[in-house]
Amino acid sequence: MQQKTLGASGIRVSKICLGTMTWGEQNTADEAHAQLDYALAHGVNFIDTAEMYPVPPCKETYTRTEQIIGAWIAARGKRDDFVLASKIAGPTGNNANGLEPYIRNGNDFSRAQIFAACEASLKRLNTDYLDLYQLHWPERQANYFGKLGIDKLPESEAFTPFEEIIDALSELVKQGKIRAYGLSNETAWGAMR
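Source: prediction; values computed, not measured. (Residues numbered from 1 in each chain as written. Predicted model: local features only at pLDDT ≥ 70, side-chain atom pairs only at ≥ 80, totals over all residues. Heavy atoms only, no water.)

Trainee: Let's hear about the packing of helix α1 (residues 29-41) against helix α2 (residues 64-76): which residues, and what values?
Mentor: Helix packing geometry: the angle between the two helix axes and the distance between the axes. Here α1 crosses α2 at 60 degrees, and the two axes come no closer than 10 Å. By the angle between their directions, the pair α1 and α2 is classed as oblique. Crossing handedness for the pair α1 and α2: right-handed. Touching A29, A32, H33, L36, D37 and L40 of α1 are I68, I69, A71, W72 and R76, all from α2. Within the contact of α1 with α2, the residues separate by chemical class into eight nonpolar, one polar and two charged. (Axes fitted to C-alpha atoms, helices over the stretch in contact; angles between N-to-C directions. Helix = DSSP H or I, 4+ residues; strand = E, 2+ residues; numbered from the N terminus. Parallel < 35°, antiparallel > 145°, perpendicular 65-115°, else oblique. Left-handed = near helix turned anticlockwise from the far one by under 90°. Contact = heavy atoms within 4.5 Å. Nonpolar A, V, L, I, M, F, W, Y, C, P; charged D, E, K, R; others polar.)

Trainee: Run through helix α3 (residues 111-125), naming residues and quoting values.
Mentor: A rise of 1.5 Å per residue sets the reference length of α3, with its 15 residues, at 21 Å; its end C-alpha atoms lie 21 Å apart and thus fit the reference within 8%. Regarding α3, the residues found buried are Q113, I114, A117, C118, S121, L122, R124 and L125. The buried residues of α3 occupy one face: seen down the axis, they fall within an arc of 165 degrees. α3 presents A112 and K123 as exposed residues on the side facing more than 90 degrees away from its buried surface. For α3, the secondary structure elements touched by its buried residues are α2, β5 (83-89), β6 (130-136), α4 (162-174) and β7 (178-184). (Expected span 1.5 Å × (residues − 1). Buried < 20%, exposed > 50% of the residue type's maximum accessible area, 1.4 Å probe, protein only. Arc of directions from axis to C-beta.)

Trainee: How would you explain the packing of α3 against α4 if you had to name every residue and give the values?
Mentor: It is the contact of α3 with α4, at a shortest axis distance of 9 Å, that shows an interaxial angle of 35 degrees. Taken as a pair, α3 and α4 cross one another with a handedness that is right-handed. Of the residues in α4, those touching α3 at R111, I114, F115 and C118 are E164, I165, D167, A168, L169, E171 and L172. In the contact of α3 with α4, the residues fall into seven nonpolar, no polar and four charged.

Trainee: Go over the pairing of β6, please, and point to the residues and values.
Mentor: The side chains of a regular strand alternate between both faces of the sheet. Summarising burial for β6: seven of the seven residues are buried, a large majority. For β5 and β6, the ladder comprises five bridges, and the chain directions are parallel. Residue K87 lies in a different strand from β6, and its bridge partner there is Q134. Of the strand pairs in this sheet, β6 and β7 are connected by six bridges, and their pairing is parallel. Bridge pairing in β7 places L135 opposite L183. (Pairing = 2+ DSSP bridges.)

Trainee: Tell me about the packing of aromatic side chains, and name the residues and values.
Mentor: Across all of its chains, the model carries two aromatic pairs by this definition. For the ring pair Y62 and Y102, a centre distance of 5.5 Å and an interplane angle of 70 degrees mean the geometry is edge-to-face. Of this pair, Y62 sits in the loop between β4 (46-48) and α2 while Y102 is found in the loop between β5 and α3, placing the two residues 40 residues apart along the sequence. Ring geometry for W72 against F82: centres 5.4 Å apart, planes inclined by 55 degrees, an arrangement best described as tilted. Placement of the pair is W72 in helix α2 and F82 in the loop between α2 and β5, with a sequence separation of ten residues. F82 shares its class with W72; the two are buried. When the ring centre of F82 is taken as reference, the NZ or CZ atom of R79 above it lies at 5.0 Å. (Phe/Tyr/Trp six-rings, centres within 6.5 Å; stacked < 30°, edge-to-face > 60°. Lys NZ or Arg CZ within 6 Å of the ring centre and 35° of its normal.)

Shown next as structure tokens:
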């Protein structure tokens, strides 16, 4: 399996990443464990998940995918054999205000929410570190996945300052809880900021 360096992180990942966004909704834990075993046996060392998985997101299945992976990690004990990525859920837009009360009592990217989300993911995943931790969706209004028509941000819209987000993620790196951080489903403007 060919590998590539993940951005500027120095982390080497297989060119194929095993995505897990439907585990616990469209397949069983046993099937997921078999898929993980198969992937690692064939040189895939990059596994991606998120606290909000499986999709479609809902209160009843929230975090189930991380729990499945965590059970596999506990059973196999091969944590250092692969690169594990997870994500903190940003507002999904399913409610009028975009926040889901079942996700940390209203999900945003404040310092406190980032720390709480990371700690909870680490616990569910049965690991003491994540190789890559990503912001999942912009916290502000944006055009994505068919949600179009936003040509400017409302002046009254409040979202966590990027400086606070980067400071919190950098602190998690210093604490050894994450090795690197990144973005998932972000706009070019958000990435440039």
